[in-house]
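Spelled out, the chains give:
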Amino acid sequence: MRLLDSLRFRIATLFRRSQMSAEMEEELRAHIQYRADDLERSGLSREEAERRARIEFGGHVRYKEECREAAGGVFFDSLLRDVRFGVRVLRKSPAFTFAAIVTLALGIGANAAFFSVVRSVLLSPLVNREEDRLIYIQQKAPGNQVDNATFSIPEITDISRNLKTFEALGTFSTTDFTAQGFGETREIHAGVVDGGYFEVMGLKPVLGRLLDARDDGPNAPGAVVLTYKFWATGLGADPNVIGRVIRLGSMMQVRSATIVGVLEPAIAYPAETEIIANIVTSPHHLSATMVQGREHRMTDLFGRLAPGVTLKSARAELRTVYGGMTTAHPDVYKPQYHFQIDARRLRDQINVEASTILWVLFGASGLLFVIACSNVANLMLARTVRREAELSVRSALGASNAAIRRSLLAESLVLCASGGLAGVLVAIPMVGVLARYALRYTVRAGDLTVDFSLLWMGLALALAAAFFLAFVPRLPSADSSRGLGLTSGSNRFTGSSRRRIRVFTVIQIAASFLLLASAGVLFRTLLSLQKAQPGFETGHVLMANLPLLSDGRTPQQVAQFYQEAQRNVSELPGVEGAATCMFAPWRDGRFLTFALQFSVEGRERESSKEDLRARFRFVSPGYFATLGIPLIEGRDFTEADRGGAEFVVVVSKSIADRLFPGQNALNRHIMWTDPLIKYADISPEPRRIVGVLADIDDANIIPQPNLTIYTPFAQGPIFGANLVVRTKSDPYALVPTITKTIRAAAATQPVEGTSTLQDVRMEVLANNRINALVFGGFAVLALTISIVGVAGVLAFGVSWRTREFGIRLALGAQPMRILAGVLIDGVTITAIGVVAGGLVGWGLSRLAGNYVPELKLPEPLLLIASAAVIFGAAAIASLLPAARAARVDAVQALRAE
Amino acid sequence: MADQAQLLPGTLDLLILRAVSLGPLHGYGILLRIGQISGNALLIEQGALYPGLFRLVRQGLLKASWGTSENNRRAKFYELTAAGRKRLREETANWNRLATAIGSALASQPEEV
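The paragraphs below set out a description of the structure included in this document. (Residues numbered from 1 in each chain as written. Chains lettered and ligands numbered in written order. Predicted model: local features only at pLDDT ≥ 70, side-chain atom pairs only at ≥ 80, totals over all residues. Heavy atoms only, no water.)

1. A word on the overall build of chain A
No. 1: Of regular secondary structure, chain A possesses 31 helices and 21 strands.
No. 2: When the 897 residues of chain A are sorted by exposure, 50% land in the buried category.
No. 3: Carbon and sulfur atoms form 59% of the exposed surface of chain A, whose accessible area is close to 41300 Å². (Helix = DSSP H or I, 4+ residues; strand = E, 2+ residues; numbered from the N terminus. Buried < 20%, exposed > 50% of the residue type's maximum accessible area, 1.4 Å probe, protein only. Areas by Shrake-Rupley, 256 points an atom, 1.4 Å probe, with all protein chains shown as cover.)

Now the structure itself:
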């Protein structure tokens with residue numbers, strides 16, 4: 001507190017200085033006048049009286065100066081002078097200055113950039129009105145491996161009835177329409193919302209109006225709102241778009257809808273869409289499946305807390321209501337699935353993935369800052385030791401400790417301000433890179449811009465570093481200023497400075513070790529992901545999405561079209577084979593891991609207890625061959641396995657092994673029993689097993705054991721298709737030909753997301769790769785700085801001990817022993833640092849483990865490898881100074897003092 | 001003036017506080033008041049008064065404000081703050097203890113030891 005007061009006083013006096021100076025002058029002059037008046041009254045002439053008064057007063061200028069100092073206004077004056085002096089001093093040692101500024105710039109820049117990102121992504125509020133009342137409600141079934149189950153309409157009806165802690169609930173679900181009216185007929189991503197959604201979200205239109213109560217229900221006219229991004233980029237921000245009627249096709253039906261408004265720029269969650277439509281535009285949303293299917297979950301639920309209600313009480317009420325619902329339907333909410341409800345602020349929900357990653361990276365950049373400061377502190381210490389003579393002289397000439405401290409502060413201010421400035425310059429482009437990186441985890445990073453917080457953070461870090469650095473060197477004590485310090489030139493306070501340098505080096509090594517070990521963990525993960533073999537061909541297989549167009553064709557026509565497209569493409573030159581499937585490996589996230597209940601004929605009694613679930617895949621004949629998955633038994637699907645023919649399936653080897661151990665799986669029958677199949681139009685009839693396929697996993701990068709059932713694509717249902725094409729040479733060269741071939745069969749058919757499976761896989765791995773790279777970058781930077789630190793410390797130690805080495809050499813010591821001594825010194829410092837880093841890391845991971853349960857401790861081998869890297873680098877860094885120590889010329893060394 | 005005593009270091013502040021405690025004064029007035037209450041026995045260089053005044057203001061022991069003096073000159077008047085009054089009491093007590101101790105030490109006779 002006192003420090004703050006005094007600082008405030010000093011700043012106030014700084015601004016009041018000219019006024020104070022004038023007042024001071026007036027006061028002193030008045031004194032002389034009073035005295036002259038008195039003297040005049042005693043009989044002197046006015047002139048003589050004033051002369052005498054001035055003499056009696058004494059040194060006017062000196063007292064004024066003393067007054068100013070006494071009043072405290074002098075601090076910043078002197079500091080300015082010191083800063084000018086500091087600039088001159090620093091300019092004389094450009095190498096030191098450069099090294100210090102670059103190190104600080106890296107440390108400050110990284111932190112300023114990360115802070116900027118953390119601030120705008122994690123800390124700043126959303127644009128929604130009173131966003132702290134905005135809640136995302138979530139249903140989970142951990143017993144069924146479902147993290148976010150979303151809700152079905154009957155569930156929402158049950159939950160929202162009589163809810164008191166919420167002002168209102170809003171629903172949002174996504175669907176794809178075939179849209180006519182935005183140029184070419186195309187597939188458009190849409191949100192479908194109820195009439196209360198926008199009110200709950202607290203969003204405003206930039207044009208027209210948003211959807212409200214009048215757009216709700218099955219009888220309202222079709223209405224859509226455009227999202228800002230789609231309007232601005234897709235439609236050129238056309239102001240005349242309001243009132244335009246568009247046609248939206250889905251579920252083989254076409255509805256028309258009027259564009260009523262444009263939404264303000266806002267974070268899109270759970271999904272970014274191009275339009276947001278009312279329920280009536282989507283036949284599916286009006287169907288019995290949607291309205292009555294308790295397990296047909298596809299709706300995200302948002303709530304606005306009633307005024308004054310806490311999240312905690314809202315959660316409690318939700319759990320009570322939800323508990324009532326689950327007990328009323330025990331057949332749906334089976335105890336083994338552990339159905340539960342949760343609510344959190346929308347802001348937190350959006351950042352759920354990003355917050356851990358960003359805080360961890362922010363922590364890493366904090367470590368880098370510590371390393372940078374320690375390194376500059378080392379440089380400063382070593383320099384102060386060399387400047388001992390200068391400081392001693394200044395001290396001997398009467399400079400107070402405070403004055404010397406002030407001049408050191410001025411120097412470090414100059415250093416850190418330059419470092420901070422350079423850091424901010426480095427940070428500005430970094431924010432852009434980081435934002436793109438953070439976008440992988442949170443949609444909020446999309447509208448991130450560079451703001452003043454960056455500058456403030458840079459400034460604050462620079463100031464913190466400056467004060468820290470100014471107080472690092474020890475000042476000459478009164479003794480040394482009077483004693484030997486002046487004459488013998490060194491060695492007076494080097495003892496304690498050396499100790500401090502070692503401490504800072506240990507800190508650096510410890511921090512580097514932490515960063516290196518964490519980077520190691522991430523690289524290790526990346527490596528194991530990249531090494532994993534998917535079990536099918538990826539390099540020469542091209543994948544293209546052919547979304548289903550709802551343009552009045554019958555399902556038979558659609559099936560025919562896909563078959564025709566596949567046949568035509570497979571006949572192209574350079575194509576080895578083509579097939580269609582419903583889900584794209586790795587790409588169609590949630591569907592790929594989704595498993596449905598099934599049972600085996602003749603095993604009903606057992607299977608009712610064991611809850612058999614399998615992934616479901618719809619594939620055309622030739623799919624297995626195209627991807628190179630070996631059939632172990634039986635046959636592939638054929639053109640004859642079409643709608644209306646006998647239902648057949650191919651099962652994965654894991655199913656055959658588990659359900660028919662030691663028996664022949666072929667010709668046995670299985671059937672889907674999951675209650676969900678009726679919503680997906682999947683028949684529960686028995687299906688004959690005609691083939692057994694090798695196990696693969698097309699959902700995870702590292703193959704996991706799974707049960708999969710393949711059904712013929714033509715036996716439906718068809719929600720869309722992906723074309724897989726195996727080529728002889730470069731797959732991408734064939735893309736134009738393939739597109740042309742498909743368009744020849746259906747002129748308006750979109751062909752999207754063409755990419756080889758290998759690249760799809762790389763895209764999925766990109767997060768891991770970038771994480772590893774970012775951390776690796778940090779680690780390399782940290783390691784570089786620390787190694788320079790170790791080398792610096794040892795070099796400093798060697799020059800300090802030149803005389804000792806000289807004497808030892810003169811007395812016949814082996815140069816090798818001296819060399820080894822210095823090396824051991826370096827390795828010892830490193831060992832202490834590594835141990836310290838290990839302990840701190842262990843503590844941190846214990847601490848972080850409370851918040852991030854999936855946190856893994858690095859395996860010992862990795863720790864040893866990281867330590868080895870650091871030791872190796874330290875040993876190399878020690879070699880140079882050690883070699884110099886061993887080459888010391890005894891005569892010169894003795895003469896040097 | 002030759003028989004005036006040199007001030008001990010640190011005692012000027014005490015004298016200023018004491019002089020101001022008798023009523024608000026401007027700088028020259030303080031000087032005159034010190035002369036008056038000490039019987040003109042102390043040598044104070046006039047200019048040296050002001051750094052002391054500024055220091056005491058900064059420490060919050062005195063409060064300064066501009067006003068008009070008895071002969072219609074603008075002048076800066078000093079008065080004690082509550083902290084100043086407290087400090088004056090403490091310092092007076094300290095001084096008295098010190099003076100008594102040193103006085104009795106100097107007055108001691110060989111036979112008393």
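Once the structure has been displayed, the description carries forward.
2. Some remarks on the pairing of strand S7 (residues 253-263) of chain A
All names here are of chain A.
No. 1: In terms of strand pairing, strand S4 (residues 205-208) meets S7 through 3 bridges, oriented antiparallel. Across the sheet, the residue bridging to Leu-207 is Val-262, located in S7.
No. 2: The pairing of strand S6 (residues 245-250) with S7 spans 6 bridges and is classified as antiparallel. Across the sheet, residue Ile-246 finds its bridge partner in S7, namely Ala-257.
No. 3: The turn joining S6 and S7, which pair antiparallel and follow one another in sequence, is formed by 2 residues; a positive phi near 50 degrees is taken by Met-251. (Pairing = 2+ DSSP bridges.)

3. Some thoughts on unusual backbone geometry
No. 1: In this model, Tyr-269 of chain A is joined to Pro-270 of chain A through a cis peptide bond whose omega is 5 degrees.
No. 2: Here Pro-270 of chain A lies in the loop between S7 and strand S8 (275-278).
No. 3: The phi angle at Glu-130 of chain A is positive, at roughly 40 degrees, despite the residue not being glycine.
No. 4: Mapped onto the elements of the fold, Glu-130 of chain A is located in the loop between helix H6 (94-123) and strand S1 (134-140).
No. 5: A positive phi angle is found at Asn-40 of chain B, which is not glycine, with a value near 55 degrees.
No. 6: By the secondary structure assignment, Asn-40 of chain B is in the loop between helix H2 (27-37) and strand S3 (42-43).

4. Comments concerning the nonpolar core
Residue and element names in this part refer to chain A.
No. 1: By size, the foremost hydrophobic cluster in this structure holds 83 residues, and its most contacted members are Leu-515 and Phe-778.
No. 2: Counting residues per element, this core draws most heavily on helix H14 (residues 352-386), at 15 residues.
No. 3: Val-575, Leu-707, Ile-718 and Ile-738 belong to the second-largest nonpolar core, a separate cluster that totals 51 residues. (Core = buried A, V, L, I, M, F, W, Y, C linked by side-chain atoms within 4.5 Å.)

5. Focus: the pattern of salt bridges
Residue and element names in this part refer to chain A.
No. 1: Applying the stated rule across the entire model yields 34 salt bridges over all chains.
No. 2: The shortest N-O distance in the salt bridge between Glu-131 and Arg-347 comes to 2.7 Å. Taken as a pair, Glu-131 in the loop between H6 and S1 and Arg-347 in helix H13 (residues 346-350) lie far apart in primary sequence, 216 residues in all. Each member of the pair, Glu-131 as well as Arg-347, carries the same accessibility label: buried.
No. 3: Here Lys-204 makes a salt bridge to Glu-264, at a shortest N to O gap of 3.8 Å. (Salt bridge = Lys/Arg side-chain N within 4 Å of Asp/Glu carboxyl O.)

6. Here's the deal with the packing of helix H27 (residues 757-800) of chain A against helix H30 (residues 860-886) of chain A
Residues and elements named next belong to chain A.
No. 1: Viewed as axis vectors pointing N to C, H27 and H30 meet at an angle of 30 degrees, and their least axial separation amounts to 9 Å. For the element pair H27 / H30, the angle class is roughly parallel. Here H27 and H30 pass one another in a crossing that is right-handed. Taking contact as the criterion, the partners of Leu-783, Ile-787, Val-790, Ala-791, Leu-794, Ala-795, Val-798 and Ser-799 in H27 are, on H30, Val-869, Ile-870, Ala-873, Ala-874, Ala-877, Ser-878, Pro-881, Arg-884 and Ala-885.
No. 2: Its residues assigned to classes, the contact of H27 with H30 comprises 14 nonpolar, 2 polar and 1 charged. (Axes fitted to C-alpha atoms, helices over the stretch in contact; angles between N-to-C directions. Parallel < 35°, antiparallel > 145°, perpendicular 65-115°, else oblique. Left-handed = near helix turned anticlockwise from the far one by under 90°. Contact = heavy atoms within 4.5 Å. Nonpolar A, V, L, I, M, F, W, Y, C, P; charged D, E, K, R; others polar.)

7. Some remarks on the environment of Asp-194 of chain A
Residue and element names in this part refer to chain A.
No. 1: Among the secondary structure elements, Asp-194 is positioned in the loop between strand S3 (186-193) and helix H8 (197-201).
No. 2: For Asp-194, a relative accessible area of 15% puts it in the buried group.
No. 3: Separated by 17 residues in sequence, Asp-194 and Leu-211 have C-alpha atoms that sit 8.1 Å apart.
No. 4: The residues touching Asp-194, leaving out its near neighbours within four places in the chain, are Leu-169, Gly-170, Thr-171, Asp-216 and Ile-279.
No. 5: In this structure the side chain of Asp-194 is engaged in a polar contact, spanning 2.8 Å, whose partner is the backbone nitrogen of Thr-171. (Polar contact = N/O pair within 3.5 Å; in protein donor to acceptor, adjacent residues only side chain to side chain.)

8. Looking at the side chain of Arg-297 of chain A
Residues and elements named next belong to chain A.
No. 1: Position of Arg-297 relative to the elements: it lies in the loop between helix H11 (288-292) and strand S9 (299-305).
No. 2: For Arg-297, a relative accessible area of 19% translates into the label buried.
No. 3: Side chain to side chain, Arg-297 and Glu-155 meet in a polar contact 2.9 Å long.
No. 4: In contact with Arg-297, not counting residues within four places along its chain, are Gln-139, Ala-149, Thr-150, Phe-151, Ser-152, Glu-155, Val-332, Tyr-333 and Phe-339.

9. Overview of a positive patch on the surface
Residues and elements named next belong to chain A.
No. 1: On the surface, Arg-81, Arg-84, Arg-88, Arg-91 and Lys-92 cluster together to form a positively charged patch.
No. 2: Structurally, Arg-91 can be placed in helix H5 (residues 74-92).
No. 3: Since its relative accessible area comes to 64%, Arg-91 is described here as exposed. (Patch = residues over 30% accessible without salt bridge, like charges linked within 9 Å, V, L, I, M, F, W, Y side chains within 5 Å. Lys, Arg positive; Asp, Glu negative; His and termini not counted. Charge placed at Lys NZ, Arg CZ, Asp CG, Glu CD.)

10. Description of the packing of helix H7 (residues 153-160) of chain A against helix H12 (residues 311-328) of chain A
Residues and elements named next belong to chain A.
No. 1: At a closest axis distance of 9 Å, the pairing of H7 and H12 adopts a crossing angle of 125 degrees. Between H7 and H12, the interaxial angle falls into the category oblique. As H7 packs across H12, the resulting crossing turns out to be right-handed. The segment H7 lies against H12, with Glu-155, Asp-158 and Ile-159 engaging Leu-318, Val-321, Tyr-322 and Met-325.

11. Considerations on the sheet that holds strand S4 (residues 62-68) of chain B
Residues and elements named next belong to chain B.
No. 1: Taken together, the 3 strands give an open sheet; going across it, the order is S2-S5-S4, and neighbouring strands pair in antiparallel fashion. Pairing within the sheet leaves two strands with one partner each, and these edge strands are strand S2 (25-26) and S4.
No. 2: Pairing analysis gives 2 bridges linking S2 to strand S5 (residues 74-80), with the strands arranged antiparallel. The residue bridging His-26 from the neighbouring strand is Phe-77, located in S5.
No. 3: Across the face of the sheet, helix H3 (residues 49-58) comes into contact with S4 and S5 while running at roughly 115 degrees to S4.

12. Digging into the interface of chain B and chain A
No. 1: At the interface, 22 residues of chain B touch 25 residues of chain A.
No. 2: In total, chain B and chain A occlude about 2200 Å² of area from one another, counting both sides; carbon and sulfur atoms represent 55% of this.
No. 3: Sorting the residues of chain B by area buried against chain A places Tyr-28, Phe-54 and Arg-58 of chain B first, and these three jointly supply 31% of that buried surface.
No. 4: Summed over the shared surface of chain B and chain A, the result is 2 salt bridges.
No. 5: Applying the counting rule to chain B against chain A returns 9 residue pairs in polar contact (both at pLDDT 80 or more).
No. 6: Listing elements by their share of the side of chain B that touches chain A, those giving two or more residues are H2, H3 and S5 of chain B.
No. 7: It is H3 of chain B that provides the largest number of residues to the side of chain B that touches chain A, a total of 5 residues.
No. 8: Looking at side-chain class alone, the side of chain B that touches chain A contains 10 nonpolar, 6 polar and 6 charged residues. (Buried area = accessible area lost by both parts, 1.4 Å probe.)

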